[in-house]
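The chain contents come next:
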Amino acid sequence: MVKNDNAHSVRLVESLRKNVGYQEADEFEAKYPLSKSAGIEKKYEWAKDACNYLEEHFDTETIIKLRKECRCNDGKSIANKILKYLNKANSIEQFVNTFNENETFAFLNTYPIIKFCFVILSAIAPV
């Protein structure tokens with residue numbers, strides 16, 4: 001059984017517990033565990049699955065609450081880069097498209113760009 005000790009997963013599970021309850025959090029944790037030793041491919045798949053799970057199970061306002069509490073504090077440089085694109089965009093969709101066209105934070109052989117999903121960005125800039 002995979003140990004669920006990756007910081008990203010732990011934060012999301014805690015946010016689920018706080019905002020929607022233990023049952024939903026435990027269901028997510030059992031279905032989508034992520035260990036801190038996971039490779040980039042597994043982390044990518046987990047992030048994609050987490051976005052899909054949130055979109056399938058919760059409304060937009062709940063997703064925003066969940067994501068605000070589990071976001072990472074990876075540094076000002078990334079935040080400033082994101083903010084630059086966000087301030088120039090007329091909509092969240094334009095922001096996502098422009099960012100994904102111009103930036104890459106990771107490279108995978110099977111996935112040349114790790115793209116933002118709308119759910120995550122909704123927490124940064126609610127629509």
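Rules of the game
- Residues numbered from 1 in each chain as written.
- Predicted model: local features only at pLDDT ≥ 70, side-chain atom pairs only at ≥ 80, totals over all residues.
- Heavy atoms only, no water.
- Helix = DSSP H or I, 4+ residues; strand = E, 2+ residues; numbered from the N terminus.
- Polar contact = N/O pair within 3.5 Å; in protein donor to acceptor, adjacent residues only side chain to side chain.
- Contact = heavy atoms within 4.5 Å.
- Core = buried A, V, L, I, M, F, W, Y, C linked by side-chain atoms within 4.5 Å.
- Buried < 20%, exposed > 50% of the residue type's maximum accessible area, 1.4 Å probe, protein only.
- Expected span 1.5 Å × (residues − 1).
- Arc of directions from axis to C-beta.
- pLDDT = per-residue confidence, 0-100.
- Phe/Tyr/Trp six-rings, centres within 6.5 Å; stacked < 30°, edge-to-face > 60°.

With that settled, the discussion passes to the side chain of Ser9. Here Ser9 shows up in helix H1 (residues 7-19). Only 2.6 Å separates the side chain of Ser9 from the side chain of Asn4, close enough to count as a polar contact. Other than its neighbours up to four places away in sequence, Ser9 contacts Asn4, Tyr32, Leu34 and Trp46.

Residues Leu12, Leu16, Phe28, Trp46, Tyr53, Leu54 and Phe58 are the most contacted members of the largest nonpolar core, which totals 16 residues. Among the secondary structure elements, those contributing two or more residues to this core are H1, helix H2 (22-31), helix H3 (40-57) and helix H4 (60-70). Per element, the largest residue contribution to this core is four residues, and it comes from H3. Counting eight residues, the second largest nonpolar core, distinct from the first, contains Leu86, Ile92, Phe95 and Val96.

With 13 residues, H1 extends 18 Å from end C-alpha to end C-alpha; this agrees with the ideal 18 Å at 1.5 Å per step. Within H1, burial applies to Ser9, Leu12, Val13, Ser15 and Leu16. Looking straight down H1, one finds its buried side chains confined to an arc of 160 degrees; they lie on one side. Here the buried face of H1 lies against H2, H3 and H4. Backbone nitrogen of His8 and a side-chain oxygen of the N-cap are separated by 2.8 Å at the start of H1; the cap is Asn6. Positive phi shows up at Gly21, right after H1, with a value of about 115 degrees.

Across the protein, the average pLDDT comes to 78, with 74% of residues at 70 or higher. Of all helices and strands in the protein, the one with the weakest mean pLDDT is helix H7 (residues 118-124) (45), whereas H2 scores best (94).

What follows concerns the packing of aromatic side chains. On inspection of all chains with the given rule, the structure shows seven aromatic pairs. Between the aromatic rings of Phe28 and Trp46, the centroid separation amounts to 6.1 Å while the plane-to-plane angle is 75 degrees, which identifies the pairing as edge-to-face. In this pair, Phe28 sits in helix H2 while Trp46 sits in helix H3, placing the two residues 18 residues apart along the sequence. With respect to burial, Phe28 and Trp46 carry one shared label: buried.

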